[in-house]
Each structure stands twice: as structure tokens, then as C-alpha cells.
Amino acid sequence: MCGIIGIVSNKSVSASIIGALKKLEYRGYDSAGISTISNGQINEQKCTGRVDNLEKILFQNPSNGDLGIGHVRWATHGMPNQINAHPHSSEVVSVVHNGIIENSDKLRKEFEKKGYSFKSQTDTEVITVMLTDFLKKENLINCIHKTLEKLEGSFALGVIFKDFNNLVVGARRGSPLAVGYGHNENFIGSDSYALKSMTNKISYLDDGDFCILYKEKVEFYNSDKQKINKEIFELSNEDNIADKGDYKDFMSKEINEQSATTKKCINEYLDKTRNEINIYNLPIDPKKINKIRLIACGTAYHSCLMSKYWIEEFTSIDVEADIASEFRYRKVKLNPNDLYIFVSQSGETADTYAALEKCKKNKVKTCGIVNVVESSIARSADFVLPIHAGPEIGVASTKAFIGQMIVLYLLTLKIAKERNDVSVEEYTKLVLDLKKIPNLIEETLNKQKNIQVIARDFINAKGTMYLGRGYSYPIAMEGALKLKELSYIHAEGYAAGEMKHGPLALIEDGMPVVVLAPKDRFFEKTISNMQEVIARGGKVLMITDDTSETTNENIRFKFQIPKTNSTINSFLLTIPLQFLAYHVALLKNCDIDKPRNLAKSVTVE
Ligand code: F6R
């Protein structure tokens, strides 16, 4: 949510800033901007829309200078227009910001009284004004420190100063900021992905830290202005592979990668010689876990909901799945004998991170399931299980969802075995079945063409429903989320048995309805609910592994998934739903990788 870049170098930085902003565009794409120091002045240029627009402006009117900051915006305070775009500059300082300054109204009034005027409607501009004010009487370090002290809320900042034309300042509280080390140049960026083309050596600011980048060194300070040292991480080359290849967009690449990413993930956790899951040293002995609480947002929350069904099925542990934005403020009774699991692709989602911090403060045991292993959640949790999916760039999460489910399934089986909740024979069989998932996903991916045809039925729909029971219910919710975020069609995921308690009233002639009906113990009941929909004019897309002809009557389309053990057909049911959302959005000419109003990595509340 908003992307920041800052570079100090011994050569012109604007081309590198544009390159990094293009990588950061998945975090925000309402507007973009850049500031450099050239000829002793701050040179600020910004525009609405995408980084391409900014690039065109810079082509006409190049921005020189060997230090600068850049930003892509996801609007919080103020419309996405040119004035509200970042950077926000005064004569002496220019600022880019990710996050929300919660006391900005109060600060604005305070500084208006002092005679300052504001150009934009943003919360960020108060930072520019405060830095400008403190610079009149304080040295650089005190000016930064005093400004940060007055801010409430969350932020990552990049700042340049007219009169300090050899440095860039970065600061963090709540929103992530990475520092990259180059040869005669150094960088700050919202994530390591943006910095990867320039360096593979990275450090991370912790909450309250700020840093000063010079081209030959980086100084770090904590919230008490004490100089501190930072660990330097080396990024693996593998994580650099983040281009579309031959695909039209990142989303189709990421959907089609899922057989390979699940294979990689399973291989990372399965013992090569025995049918054993290599998950050891959990922060609580599995035998002593009283309860498991799974906490996440959006798609990641759906993976938690899925896992709730598995944990209930295979273990004797009580389990709950929670939405992080609710959990963080509820008076939840935290218990040292419970295990708190936080699931997040980015590892930076503000609500999930805040929920984790609440648990850490209360000294309960935490586990993070993340894709980005250098992320805040990964660094803060007591124990981390990576999903090994590789960079996910499309805003709509696909391969990360499947990866989260794989890891949660592995963890469930391991805990079940350690507690003797399943027999060794049953465990071995479940592990053997699990190994088949990548090939079964491949088989399902190969049926994409069937969904292309079906997608036409959805493009003019006012709304649609996704129905499932048991293991299929969380997948129905995820399918509906994918459709609404990508194609802007209203979609609801519902427990099929709940339809008659209200939502059935929505069904009208011609309404497309997706029914997930694998041949599990709920099959007959789901079919009855489907018939109730058909009887009221619903046009049903049934997704099933049932091969009998009897269910075909009155069903508009049937999509066949391969047969497998019923506890893992959720992986296969997910694939056609991803394709459906993708093809409907494609037919509606929606921006697949960057749906309106959304951004990857939600670092604001
Ligand atoms: C939907 C989607 C979001 C994310 C949610 C949490 O396709 O991607 O709902 O799942 O914002 O993000 P992470 O997993 O990064 O915590």
C-alpha cells in the first residue's frame, strides 16, 4: 500500500527510481511522483495514474540529480489527484510516505496557527511542514527525531533535504522499509523486491528506527537517537525471478505456476527418504497445545478457515479462525497454552502484524506462515513456516493461497501425528495422497479452456453466489472474493445450507450460481441445495469430481476436477474458480494485475 524508493548515488538516479517504482506499482497505482536535488534545488514532478505517465513527463523534462525519492500512491487521505500525489515538498525538504498519520488534523491546525499553509488534502504534508519548521532551529538528527516523535499512526518515510545534498533519510513505524547496499550507492525501498535489481544485500528497519543513507555508508538510529547496527541479509538469486515470461499478465503466470510451487513447497517439508513431514521445534509441544487460533486477512483468512476444518478433522485440538482486523481489538482471552498462527503472503499486512504484536506483548506462542521470509511478520513470530511460492505480483492472491493451504495442511498432519490423533498408517496414507497434489493441480490447470466458455455467462450478471458445504465452503468464499476483486461483479460465498435462511431470495431467473459439489459426505445435501437454486431460475456451474450423468439434468455447466481424497479436493476446486474470475475480468477488460482501488501488501489499517 504505497511504494517508496530512495537512492543516493554517484550518478543520476531518476532512471533507477522509475525502474524501482515500476516494481513497486503493485502496492499502489493512483498516482506517482519523484523528487531529486539538482542545481541546489528540490525538483519535484508528479502525476495521476501509472508510473508510465511519470516516465513520459520525465522524458520531456528530465530530472537530474544523484539523489532522490520516488513514490507510487494508494490514496488514503485526499483524492488521487496530482496535488495529493507524493512527494510533498517545501522549499527545503521533500517527503514520500506510506501509512496513515492519525493525528494529522491536529498537527495541521497546530502548524496553521504558526502561519504555515497546506497545498494538499493529505496527512503526509504535515510531515513536510514539521521537518521544515524544526530545520530552522535543530540539527538534522534532532529535526528528524522531533518530527517522528510528534507523529501518531503508521509510516515508512523517505526524505531528502535541499541543504543536505549528499543524503537520503528513511524512517519506519508500522510500515515496512528495507535498506539496500550498493557500490557507491545505497537505497531505501518499501520491499526488497523493488531493490533486487540494484542489490542483493539488504537490512530492515525495525519500528521506531530511522536511517541516513550516504553513497558510501548507511547510519542507523533507534527511537532514542542512539546509533545502532543492523544485520545484513543476502537475498537468494531464486527470488529475483519475477517477470511475466510469455504470459499476458502476472496472474495467469501465477495460476499456471501452482503445480510447480506446490511441488517445491511439499519437497521443502517432506523428508526425501521417509514419508515424514519435517516440521520440528514448534514453540509449544504439539501434545500440549490447548487450542489453535488462526489469524489473517482476506484470502489468507480463507486459508485459515480451510485449515480450521482440517484441524477439527484430524486432531483433538479446539480451533478458531479470526479476521485480524477484528482480533486485534477484541478482548480475546490469550492463553499461554494456545498456539497463535498468523498467515500472510506479504508478511506486512498491518492488521495481521498488529494482531501478532498483541500476542507477542502477552507472551503467548506465535507462528508465522508467510511467503516473504524477510517480512515483519516472519521476523517477529516465534516460529516461521515459509510457503516457498516465489514472488507473487498479481494483486489477487492465487499461488500464495494454495501455498498457505499446503503448509497449513502439512502442519495439521504433523500435529495430528505427534499427538497420536491419527495412526501411523493413516498418517502415511495422508502424506502419500498429499504428494499427488501437484500432478492433480496440473491436470486441473490443463482444463482452463472449459472455463473460458463458461465465463461469458457471468459478464453481464448483476451478482452471483458461490455455494459449498464442509471443506468446500471456505473455497466458495475465496472464489467469490476472486470474482469481485477482479471483475467488480458482486459475489457472495455462502454455506449452501444457509441459503434458505435468507440469500435464496436473491436468486432470480438467469442468475449465475457456482456450486462446489465434490463427492464427499455432503454431496447429496449440496445437490439438494443446488436443485433449490435451479428451481428458482439460477444458472448453475457445478464443480465436482462426480462422474455420474444423473446430476447433469438442468445444470448449465459442469466442470470436472480429478478424483482424490476428499480432504484435499479443496486444492483442486480452487483452480477453476481462479480461472473463472480471471476470464470474466479479461472479457470485461478489467486490469487483471492491478484491480481498481486495491493494492498488494496492505500496510494501512
Ligand atoms: C485477495 C488478496 C487479499 C490478501 C489480504 C492479506 O486476492 O490478495 O485479500 O489476501 O490483503 O494479504 P497478506 O496475505 O499479504 O497478509
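These numbers come from a predicted model, not from an experiment.

Peer 1: Is there a simple way to explain the side chain of D123 in this structure?
Peer 2: Structurally, the position occupied by D123 is in the loop between helix 3 (104-113) and helix 4 (125-135). Despite its burial, D123 pairs with no opposite charge, the nearest such side chain being R73 at 6.2 Å. Once residues within four sequence positions are removed from consideration, D123 is found in contact with T76, H77, H97, G99, I100, I101 and S104.

Peer 1: Whenever I open this one, the packing of aromatic side chains confuses me. Can you help?
Peer 2: Here a ring pair, both rings aromatic, is described through the centre-centre distance and the interplanar angle of the planes. In this structure the tally under the stated criterion is ten aromatic pairs. Geometrically, the ring pair formed by Y204 and F233 is tilted, given 5.7 Å between the ring centres and 55 degrees between the ring planes. Taken together, the positions of Y204 in strand 11 (residues 201-204) and F233 in strand 15 (residues 233-234) put the pair 29 residues apart, joining distant regions of the chain. Overall, the relative accessible area of 8% leaves Y204 in the buried class. With relative accessibility at 28%, the residue F233 sits in the partly exposed group. Ring-pair connections join several aromatic residues into one group, and the members of that group are W310, F314, Y409 and F571. Across the ring face of F327, the terminal group of K358 is positioned such that the distance to the ring centre comes to 5.4 Å. The positively charged end of K447 is found above the aromatic ring belonging to F559, 5.9 Å away from the centroid.

Peer 1: Would you take a moment to explain the site of the ligand for this structure?
Peer 2: By nearness alone, 14 residues border the ligand, and S344, Q345, S346, T349 and E485 come closest of all. One of the side-chain N or O atoms of S344 is found 2.6 Å from an oxygen atom in the ligand. Side-chain polar atom of T349 to an oxygen atom of the ligand: 2.4 Å apart, as the coordinates give it. Elements supplying a minimum of two residues to the shell around the ligand: helix 9 (298-314) and helix 17 (472-487).

Peer 1: Honestly, the environment of S380 in this entry has me stumped. Any pointers?
Peer 2: Among the secondary structure elements, S380 is positioned in helix 12 (residues 376-380). With 24 residues separating them along the chain, S380 and L356 place their C-alpha atoms 7.9 Å apart. Here S380 is in contact with Y353, L356, E357 and K360, once residues within four sequence places are set aside. Separated by 2.6 Å, the side chains of S380 and E357 make a polar contact.

Peer 1: I keep staring at the pairing of strand 18 (residues 338-344) and nothing clicks. Help me out?
Peer 2: In summary, the side chains of a regular strand alternate between the two faces of the sheet. In terms of burial, strand 18 is largely enclosed, as seven of its seven residues are buried. Relative to strand 18, strand 16 (residues 291-296) is paired through five bridges, and the arrangement is parallel. Counted as the bridge partner of L294 is I341 from strand 18. Of the strand pairs in this sheet, strand 18 and strand 19 (residues 365-370) are connected by six bridges, and their pairing is parallel.

Peer 1: Mind showing me how you'd approach the packing of helix 9 against helix 13 (residues 399-418) here?
Peer 2: If you want to describe how two helices pack, look at the angle between their axes and the distance between the axes. Between helix 9 and helix 13, the least distance of the axes is 9 Å, while the angle of their chain directions is 25 degrees. It follows from the interaxial angle that helix 9 and helix 13 lie roughly parallel. When the axes of helix 9 and helix 13 are compared, the crossing they make is right-handed. Here T299, A300, H302, S303, C304, M306, S307, W310, I311 and F314 of helix 9 lie close against helix 13, whose contacting residues are F401, Q404, M405, L408, Y409, T412, L413 and A416. Across the contact of helix 9 with helix 13, the residue classes tally to twelve nonpolar, six polar and no charged.

Peer 1: How do you make sense of the domain arrangement of the protein when you look at a structure like this?
Peer 2: In many reports, interface size means the accessible area that the parts give up when they come together. What the domain assignment reports for the protein is domain 1 (3-237), domain 2 (247-435) and domain 3 (446-591). When each unit is reduced to the centre of its C-alpha atoms, the spacing between domain 1 and domain 2 is 34 Å. Across the boundary between the two partners, domain 1 contributes eleven residues, which contact seven residues of domain 2. When the two sides are added together, the surface that domain 1 and domain 2 hide from each other amounts to roughly 880 Å², 55% of it contributed by carbon and sulfur. When the buried area of domain 1 at its contact with domain 2 is split by residue, Y26, Y193 and Y204 rank highest and sum to 43% of it. At the surface where domain 1 touches domain 2, the tally comes to one salt bridge. R379 is paired through a salt bridge with D206; the nearest N and O atoms lie 3.4 Å apart. Linking domain 1 with domain 2 are two residue pairs in polar contact (both at pLDDT 80 or more), by the criterion used here. Tallied by class, residues from the side of domain 1 that touches domain 2 come to seven nonpolar, one polar and three charged.

Calculation notes
Residues numbered from 1 in each chain as written. Predicted model: local features only at pLDDT ≥ 70, side-chain atom pairs only at ≥ 80, totals over all residues. Heavy atoms only, no water. Helix = DSSP H or I, 4+ residues; strand = E, 2+ residues; numbered from the N terminus. Buried < 20%, exposed > 50% of the residue type's maximum accessible area, 1.4 Å probe, protein only. Lys, Arg positive; Asp, Glu negative; His and termini not counted. Salt bridge = Lys/Arg side-chain N within 4 Å of Asp/Glu carboxyl O. Contact = heavy atoms within 4.5 Å. Phe/Tyr/Trp six-rings, centres within 6.5 Å; stacked < 30°, edge-to-face > 60°. Lys NZ or Arg CZ within 6 Å of the ring centre and 35° of its normal. Near = heavy atom within 4 Å. Polar contact = N/O pair within 3.5 Å; in protein donor to acceptor, adjacent residues only side chain to side chain. Pairing = 2+ DSSP bridges. Axes fitted to C-alpha atoms, helices over the stretch in contact; angles between N-to-C directions. Parallel < 35°, antiparallel > 145°, perpendicular 65-115°, else oblique. Left-handed = near helix turned anticlockwise from the far one by under 90°. Nonpolar A, V, L, I, M, F, W, Y, C, P; charged D, E, K, R; others polar. Domains from an automatic or database assignment. Buried area = accessible area lost by both parts, 1.4 Å probe.

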